[in-house]
Amino acid sequence: MAFNHLPAGAHDALGPLSRTPVTHSVPMANTHGPGRPTAHADTRPTPGTVLDRLAAGPSRAARITHTEHLPPRAGRHAVWPDRIRSDVVAAIAAAGIDHPWAHQAEAAEHALDGTSVVVATGTASGKSLAYLAPVLSALADGAQAPNGRGATALYLSPTKALAADQRRAVRELAAPLGNAIRPAVYDGDTPVEEREWVRQYANYVLTNPDMLHRGILPGHPRWSSFLKALRYVVIDECHTYRGVFGSHVAQVLRRLRRLCARYGSEPVFLLASATASDPAAAASRLTGLAVTEVVDDASPRGEVVFALWEPPLTDLKGEKGAPVRRTATAETADLLTDLVVQGVRTVAFVRSRRGAELISVIAQERLAAVDRSLPGRVAAYRGGYLPEERRALERALHSGELLGLAATTALELGVDVSGLDAVLITGYPGTRASLWQQAGRAGRSGQGALAILVARDDPLDTYLVHHPEALFRRPVEATVLDPDNPYVLAPHLCAAAAELPLTDADLTLFGPTAGELLPQLEAAKLLRRRATAWHWTRRERAADLTDIRGGGGRPVQIVEAATGRLLGTVDESASHTAVHDGAVHLHQGRTYLVKHLDLEDSVALVEEASPPFSTTARDTTSISVLETEHEIPWGPARLCFGSVEVTNQVVSYLRRRLLSGEVLGEAKLDLPPRTLRTRAVWWTVTEDQLDEARITPEILGGALHAAEHASIGLLPLFATCDRWDIGGVSVPLHPDTLLPTVFVYDGHPGGAGFAERAFHTARAWLTATRDAIAACECAAGCPSCIQSPKCGNGNDPLHKRGAIRLLTRLLAQAPPP
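Remember, predicted model here, so these are calculated numbers, not experimental data.

A. The arrangement of the overall build of the protein chain in detail. Check the secondary structure of the protein chain and you find 26 helices and 30 strands. For the protein chain, restricting intrachain contacts to residue pairs at least 6 apart in sequence, the fraction spanning at least 24 positions comes to 74%.

If you want it as structure tokens, here you go:
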């Protein structure tokens, strides 16, 4: 199959700047950047050989459920548009690129035409250069303006680290242009004495959506000359702006466009994304503009061997006596050890900081038994390290001094680490886009690459390792966001009114629900209408009404009890599950136990500890239907979507052994219930359907409950969410539907778009759910199929065979896709 139709990675810093095209169609094996070692390229073992060594022995071989071979691909060159300045082209050539890849030239052409464009191509495909060429050309033109300011550009990234990396890369690339390009980072870490210089003199400002929301837009009069000259807005890693966070960022961008219009500018938006499903539509929803997509990846790549790996069942027993698999963490530590012994440069990705540290420690201990020189060649890489520490690790990995690195997703975005041979992915990272980003860290210098997905004991992971077509034969997920969510929109209307009074002409920009919200905001005494405009009436800053990354409410402060030191904060909406009494809390590689959660003062007191367990909160939930917006008959069954009110209470938490996942105990909690108005998808079945599926009253609750758990676990395959972003309820007789009903709802006020996506993909989603349950080798249900780690009912009742029969009956009369 052709790799250019597969999802690959996202941002590659300036990776392609280190690749020198030498002919018009070049196999990747012949493409090396300046200073890159090529002499040993042929001495490295092939990815297939490395995998064969890992799978040696009958017990190991049985763990590989599928192997995908992706052949190498030659690159296709083009020429830069003649409107790119010659000195910019020369600077790019000096960095090692004589000719761009075809998709880079195409994106630059759109940018020069004044057309907003999203580049959605693979890892190391040169998305950065695609937008930097036209941006640098415009800035260099502007540098010749009489006042020396000329055109400006704004760069937005989801993280501070990525913005800092980009500034370094831009400085290196633009060095031959002298003072024409003046890049500067403007974020919460920028010293006060530097901020005025950035506002007055920088022409390429690198920041993040948070600083744009809280700092730049509210203080727009001080940015007037910059905004007046704003030519381009670059949005890097735009696929990360999804769910509630993405919805907030969409409204921040609309506020930016409104202020630009006030100062007489209309910037072109240039977006870079991981390969995505319909990237133009997602980028348009994010920016509110028509966006053209560039998706034909013309960059070369080497052979990729991608294996799916399922850890074996152990003799341990979980809840209700269910079998427990060996943890993905322990399995990855073994594989990393074996790869380092082979001399294979490897990154092992893991979702948590604790997991990254754990994998590196286990690997170091096992390597010490093989060769005392090897433990020092393995390390951990995660958020919380100082920039100089991260740079040292990146250099050591690139040079070969380090052979193995256990990393969080801090290494996934924007870091160009070339020379890797293999990537281990500890559990499905949540989206196919992220999976291919991580896999794309290997093989970035042109050599072949090995990628292994190690499944966790989880319904989605189990489904994927037994249904490889879900990874290798499907496009990536649609980016889900809902800018019209009133809980998101309302505070941004207030912020916009504080920046400039809102007029009726502005409402189109903010979406169809804006006009309906204004009277409510006036009734709440947040806005007041005077003459023809709405004004912010309060003394406090309107931008402080919302945290664009949070779920609303007063953040809970996490404080070290012994010293009074503030470690960080957690959203109020997540505090009951994240920092309840007895919870294990991780902060910058250190482990803490929560001694007390004070809800009245919004403080969680913690003390440092090293418990041999993790904690998982459990809750109980009830749900009522407020409004049914859409309803589709599935024979006598009904599939519905609408607004609901959820009442939730965290009632206990489990302690699980770190390596085995074994349940060590459960502790009760006394926390108040909370209500949430959100959006949900739900389906009902009739008595006749239950009879046809042989579902008796005795097993009905367990069948519905099992189907609910598995469907929550599988939804991330169809919407860009995590199972922790969504919740569910199953009821044998719901008072609003008067039928057996299963609900799946968004865990954010007003909804995040996940349930709506589930409604529109329900047939495929529920088919995958049924197949995942049926494929699991357990007899009566386990964490790999129908058990949920956050079930407030202790995973009781559950009925695996009943869930399969129930879903089969439901899907038999589903309308065709």
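This is not the end of the story, as more comes after the structure.
B. The arrangement of the pairing of strand 3 (residues 152–156) in detail. Among the 5 residues that make up strand 3, 5 are buried, leaving the element largely enclosed by the rest of the structure. Here 5 bridges tie strand 3 to strand 6 (residues 230–235), and the two strands are oriented parallel to one another. By the bridge assignment, Tyr 155 is partnered in strand 6 with Val 234. Both strand 3 and strand 5 (residues 204–207) contribute to a ladder of 4 bridges, which runs parallel. Looking across to strand 5, one finds that Leu 154 is bridged to Val 205.

C. Examining the sheet that holds strand 14 (residues 404–407) more closely. Strand order in the open sheet formed by 7 strands is 1-9-16-15-12-14-13, and the pairing between neighbours is mixed. Of all strands in the sheet, those bounded by a partner on one side alone are strand 1 (64–70) and strand 13 (378–381). The mean inter-strand angle of the sheet, taken between neighbouring strand axes irrespective of direction, is 15°. In terms of strand pairing, strand 1 meets strand 9 (residues 304–309) through 6 bridges, oriented antiparallel. In the sheet register, Thr 67 faces strand 9, and the bridge partner there is Ala 307. Here helix 13 (residues 353–368) sits on the sheet and contacts strand 13, strand 14 and strand 15 (422–426); the angle it forms with strand 13, its principal contact strand, is near 175°. Helix 16 (residues 459–466) rests against strand 1, strand 9 and strand 16 (449–454) of the sheet, and its axis sits at about 130° to strand 9.

D. The packing of aromatic side chains, seen in detail. Applying the stated criterion across every chain yields a total of 10 aromatic pairs. Taking 5.3 Å as the distance between ring centres and 65° as the angle between the ring planes, the aromatic pair formed by Phe 306 and Trp 436 counts as edge-to-face. Taken together, the residues Phe 306 in strand 9 and Trp 436 in helix 15 (residues 432–439) connect sequence positions 130 residues apart. Joined through ring pairs, the aromatic side chains of Tyr 186, Trp 223 and Phe 226 make up one cluster. The lysine or arginine in question, Arg 195, covers the ring of Tyr 186, its NZ or CZ lying 5.5 Å from the ring centre.

E. Local environment of the pattern of salt bridges. In the structure shown here, the tally under the stated rule is 35 salt bridges. One salt bridge in this structure joins Arg 809 and Glu 692, with 3.2 Å as the shortest N-O distance. A residue pair is termed long-range when its members are at least 10 positions apart, and Arg 809 in helix 26 (residues 800–812) and Glu 692 in helix 22 (residues 687–692) qualify at 117 residues. Judged by relative accessible area, which is 48%, Glu 692 ranks as partly exposed. Several salt bridges share partner residues, and in doing so they unite Arg 63, Arg 326, Glu 331, Asp 334 and Arg 366 into one network.

F. Expanded view of the environment of Glu 608. Relative to the helices and strands, Glu 608 is located in strand 24 (residues 603–608). On a C-alpha basis, the gap between Glu 608 and Thr 591 in space is 5.9 Å, while along the polypeptide they are 17 residues apart. The contact partners of Glu 608, leaving out residues within four places of it in the chain, are Glu 560, Arg 590, Thr 591 and Tyr 592.

G. Region of the structure containing the packing of helix 23 (residues 697–714) against helix 26. Contact geometry for helix 23 and helix 26: axes closest at 8 Å, N-to-C directions at 75°. The angle between helix 23 and helix 26 places the two elements in the roughly perpendicular class. Along the contact surface, helix 23 presents Ile 699, Ala 703, Leu 704, Ala 706 and Ala 707, while helix 26 presents Gly 802, Ala 803, Arg 805, Leu 806 and Leu 807. A breakdown of the residues in the contact of helix 23 with helix 26 according to their chemical character gives 8 nonpolar, 1 polar and 1 charged.

H. Spatial organisation of the sheet that holds strand 3. Read across the open sheet, the 7 strands follow the order 4-5-3-6-7-2-8; overall the sheet is parallel. Each of the sheet's edge strands pairs with one partner strand only, and the pair in question is strand 4 (183–185) and strand 8 (292–294). Sheet twist, expressed as the average angle between the axes of neighbouring strands with direction ignored, equals 20°. Its contacts with the sheet put helix 4 (residues 102–112) on strand 2 (117–120), strand 6, strand 7 (268–273) and strand 8, and the angle it makes with strand 8 is roughly 160°.

I. The packing of helix 10 (residues 243–262) against helix 18 (residues 486–499), seen in detail. Two numbers describe how helix 10 lies on helix 18: the axes approach to 10 Å, and their chain directions differ by 20°. The angle between the axes of helix 10 and helix 18 places the two elements in the roughly parallel class. In the packing of helix 10 onto helix 18, the handedness of the crossing is right-handed. The residues of helix 18 that touch helix 10, namely those facing Val 244, Ser 247, His 248, Gln 251, Val 252, Arg 255, Arg 258 and Leu 259, are Val 488, Leu 489, His 492, Ala 495, Ala 496 and Glu 499.

J. Examining the confidence of the model for the protein chain more closely. When the pLDDT values of the protein chain are averaged, the result is 87; 90% of them are 70 or greater. Below a pLDDT of 50 lies the segment residues 1–42, which in the model reaches 145 contacts outside its immediate sequence neighbourhood of four places, other chains included.

K. Structural view of the side chain of His 213. Inspection of the secondary structure assignment puts His 213 in helix 8 (residues 209–216). Apart from residues lying up to four places away in sequence, His 213 is in contact with Pro 218, Val 252, Arg 255, His 492, Ala 543, Thr 546 and Ile 548.

L. Highlighting the environment of Ala 133. Relative to the assigned elements, Ala 133 resides in helix 5 (residues 127–142). On the accessibility criterion, Ala 133 (0% relative accessible area) is buried. In the structure, Ala 133 is positioned 41 residues away from Ile 92 in sequence and 8.2 Å away in space, judged by C-alpha atoms. Residues within four places of Ala 133 in sequence aside, it is in contact with Trp 80, Ile 84, Val 88 and Ile 92.

M. Seen up close, the nonpolar core. Counting 87 residues, the largest nonpolar core has Phe 306, Trp 634, Trp 683, Leu 715, Leu 717 and Trp 765 as the members making the most contacts within it. At 9 residues, the largest contribution of residues to this core is made by helix 23. Formed by 41 residues, the second largest nonpolar core is a distinct cluster that contains Ala 108, Ala 163, Tyr 232 and Val 234.

N. A look at the side chain of Thr 329. For Thr 329, the position within the fold is in helix 12 (residues 328–341). For Thr 329, a relative accessible area of 16% gives the class buried. Ignoring anything within four residues of it in the chain, the contact list for Thr 329 reads Leu 358, Ile 359, Thr 426 and Leu 659.

O. Local environment of unusual backbone geometry. Residue Asp 796 is joined to Pro 797 through a cis peptide bond whose omega torsion reads 0°. Tracing the backbone shows Pro 797 in the loop between helix 25 (762–775) and helix 26. A positive phi angle, close to 55°, is found at Ala 531, a residue other than glycine. With respect to the helices and strands, the residue Ala 531 is situated in the loop between strand 18 (527–530) and strand 19 (533–536). Even without being a glycine, Leu 738 presents a positive backbone phi close to 60°.

Conventions and cut-offs
- Residues numbered from 1 in each chain as written.
- Predicted model: local features only at pLDDT ≥ 70, side-chain atom pairs only at ≥ 80, totals over all residues.
- Heavy atoms only, no water.
- Helix = DSSP H or I, 4+ residues; strand = E, 2+ residues; numbered from the N terminus.
- Contact = heavy atoms within 4.5 Å.
- Buried < 20%, exposed > 50% of the residue type's maximum accessible area, 1.4 Å probe, protein only.
- Pairing = 2+ DSSP bridges.
- Axes fitted to C-alpha atoms, helices over the stretch in contact; angles between N-to-C directions.
- Phe/Tyr/Trp six-rings, centres within 6.5 Å; stacked < 30°, edge-to-face > 60°.
- Lys NZ or Arg CZ within 6 Å of the ring centre and 35° of its normal.
- Salt bridge = Lys/Arg side-chain N within 4 Å of Asp/Glu carboxyl O.
- Parallel < 35°, antiparallel > 145°, perpendicular 65-115°, else oblique.
- Nonpolar A, V, L, I, M, F, W, Y, C, P; charged D, E, K, R; others polar.
- Left-handed = near helix turned anticlockwise from the far one by under 90°.
- pLDDT = per-residue confidence, 0-100.
- Core = buried A, V, L, I, M, F, W, Y, C linked by side-chain atoms within 4.5 Å.

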